[in-house]
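Structure assessment
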Amino acid sequence: MRIAVAGSSGLIGTALTTSLRADGHEVVRLVRRPARDADEVQWDPEEGRVETAGLVGCSAVVNLAGAGIADHRWTDAHKRRIRDSRIWGTATLAEALASLDTPPDVFVNASAIGFYGDTGDRAVDESAPPGDGFLPSVCVEWEEATAAAEEAGVRTVFPRTGLVVSAKGGAWAKLFPLFKAGLGGRIGDGRQYWSYISLHDHVAALRHLIDTEELSGPVNLTAPRPLTNREVTAAMGRVLRRPTPFPVPAAVLKVALGELAGDVLGSQRVVPARLLESGFTFRWPGIDDTLRAALR
């Protein structure tokens, strides 16, 4: 297939592009600078422009673009970047796909489990309503921004991503050095649930969404059994063979991270009901194997 990927330079985008090309698919990468290679298409999500000629013949378009959630303290300006980079980029692509004489078969547009907000001890699947707060509101608008593509008859899927476990990038990559140095520990009381997924399984799940014609709408991309932060901390210590004696008090986290601390301390017990029902098999469903895979 010919597949276009926005956000191809990020952690997930790089892994997805590598996986697709290894299996012989043609990957077109959307870039913000002028295209330099035959596999590049220029776009400017802020200006609402994309070179649609480069999307002709694509069977699938995958949009993973967006400003990093935890890259900076949540100032008003960064919150605007988080929101606008997702909504403008999604709307730009959706309208471009709708304008094509022959649109792609599927539009896989990233979303996040932040949609559900703080779920406490309650397990939620894709049927749950959005939560309250900044990230749930962003996720709702993010998914709604695909409307033009859906109205044009393009099968549209929202992979609601959990915490991707990788030593190469993302939030988890910042944890490994701390735990390797023996400085890791639970966050707050450690009772908040973390819904994680290995990078390998995340990429495999994205490809499953592309290939499975019956899937549209939201699909949670998380391992089958979410764990508490206390359980994750114990697993990190076990796999890395390091003590985990230094808990991070909630008050310290709030001073260091500001509003973002609420999401770090919040609990999201999210299960991948639709992914499992559609026949997807996880290679690393458990945390210990997931951590070892990330370290390899």
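Everything in this summary refers to the structure shown in the same document. (Residues numbered from 1 in each chain as written. Predicted model: local features only at pLDDT ≥ 70, side-chain atom pairs only at ≥ 80, totals over all residues. Heavy atoms only, no water.)

**With respect to the overall build of the chain**
Along the backbone of the chain there are 11 helices and 15 strands. Its C-alpha radius of gyration of 19 Å places the chain within 12% of the 19 Å reference for a compact globule of 296 residues. Here the C-alpha coordinates of the chain stretch approximately 60 × 40 × 40 Å along the principal axes. Residues counted as buried form 52% of the 296 residues belonging to the chain. Element-wise, carbon and sulfur atoms account for 51% of the exposed surface of the chain, whose accessible area totals about 13,400 Å². (Helix = DSSP H or I, 4+ residues; strand = E, 2+ residues; numbered from the N terminus. Rg over C-alpha atoms; globule rule 2.2 N^0.38 Å. Buried < 20%, exposed > 50% of the residue type's maximum accessible area, 1.4 Å probe, protein only. Areas by Shrake-Rupley, 256 points an atom, 1.4 Å probe, with all protein chains shown as cover.)

**Describing a nonpolar patch on the surface**
The grouping of Leu178, Leu183 and Phe246 at the surface amounts to a nonpolar patch, some 290 Å² of accessible area in total. Within the fold, Leu178 resides in helix α5 (residues 170-180). Overall, the relative accessible area of 42% leaves Leu178 in the partly exposed class. (Patch = residues over 30% accessible without salt bridge, like charges linked within 9 Å, V, L, I, M, F, W, Y side chains within 5 Å. Salt bridge = Lys/Arg side-chain N within 4 Å of Asp/Glu carboxyl O.)

**Quick notes on the pattern of salt bridges**
Where charged atoms of side chains with opposite charge meet at close range, the side chains can pair. For the coordinates displayed, the defined rule picks out 14 salt bridges. With a closest N to O distance of 2.8 Å, Asp23 and Arg207 form a salt bridge. With Asp23 in the loop between α1 (11-22) and β2 (26-31) and Arg207 in helix α6 (residues 199-211), this pair connects stretches of sequence that are 184 residues apart. By relative accessible area, Asp23 is classed as exposed at 52%. One salt bridge in this structure joins Asp44 and Arg49, with 3.5 Å as the shortest N-O distance. By relative accessible area, which is 48% here, Arg49 ends up partly exposed. One network of salt bridges, with partners in common, ties together Arg21, Arg29, Arg33, Asp39 and Glu40.

**Side note on the packing of aromatic side chains**
With the rule as written, the count across this model stands at 4 aromatic pairs. Measuring from centroid to centroid gives 5.2 Å for Phe115 and Tyr116, while their planes differ by 80°, and the two rings are edge-to-face. You'll find Phe115 and Tyr116 in the same group, each marked buried. When the ring of Trp172 is compared with that of Trp194, the centres are 5.6 Å apart and the planes differ by 80°; the resulting orientation is edge-to-face. Placement of Trp172 in helix α5 and of Trp194 in strand β11 (residues 193-194) is noted, with a sequence separation of 22 residues between them. Summarising the burial analysis for this pair, Trp172 and Trp194 share the class buried. Over the ring of Trp142 we find Arg86; its NZ or CZ atom is 5.0 Å from the centre of that ring. (Phe/Tyr/Trp six-rings, centres within 6.5 Å; stacked < 30°, edge-to-face > 60°. Lys NZ or Arg CZ within 6 Å of the ring centre and 35° of its normal.)

**A few points about the layout of surface pockets**
Gaps between atoms show up when a probe of the same size as a water molecule is rolled over them. Roughly 310 Å³ of internal volume is contained in the second largest pocket. Those elements giving two or more residues to the lining of the second largest pocket turn out to be α1, α6 and α11 (287-295). For the lining of the second largest pocket, the per-class residue count stands at 8 nonpolar, 6 polar and 2 charged. (1 Å grid on protein atoms, 1.4 Å probe; cavity = no way out; pocket = protein on both sides within 12 Å on 5 of 7 lines; lining within 4 Å. Points joined across faces, edges and corners; volume = space filled by probe spheres on them. Nonpolar A, V, L, I, M, F, W, Y, C, P; charged D, E, K, R; others polar.)

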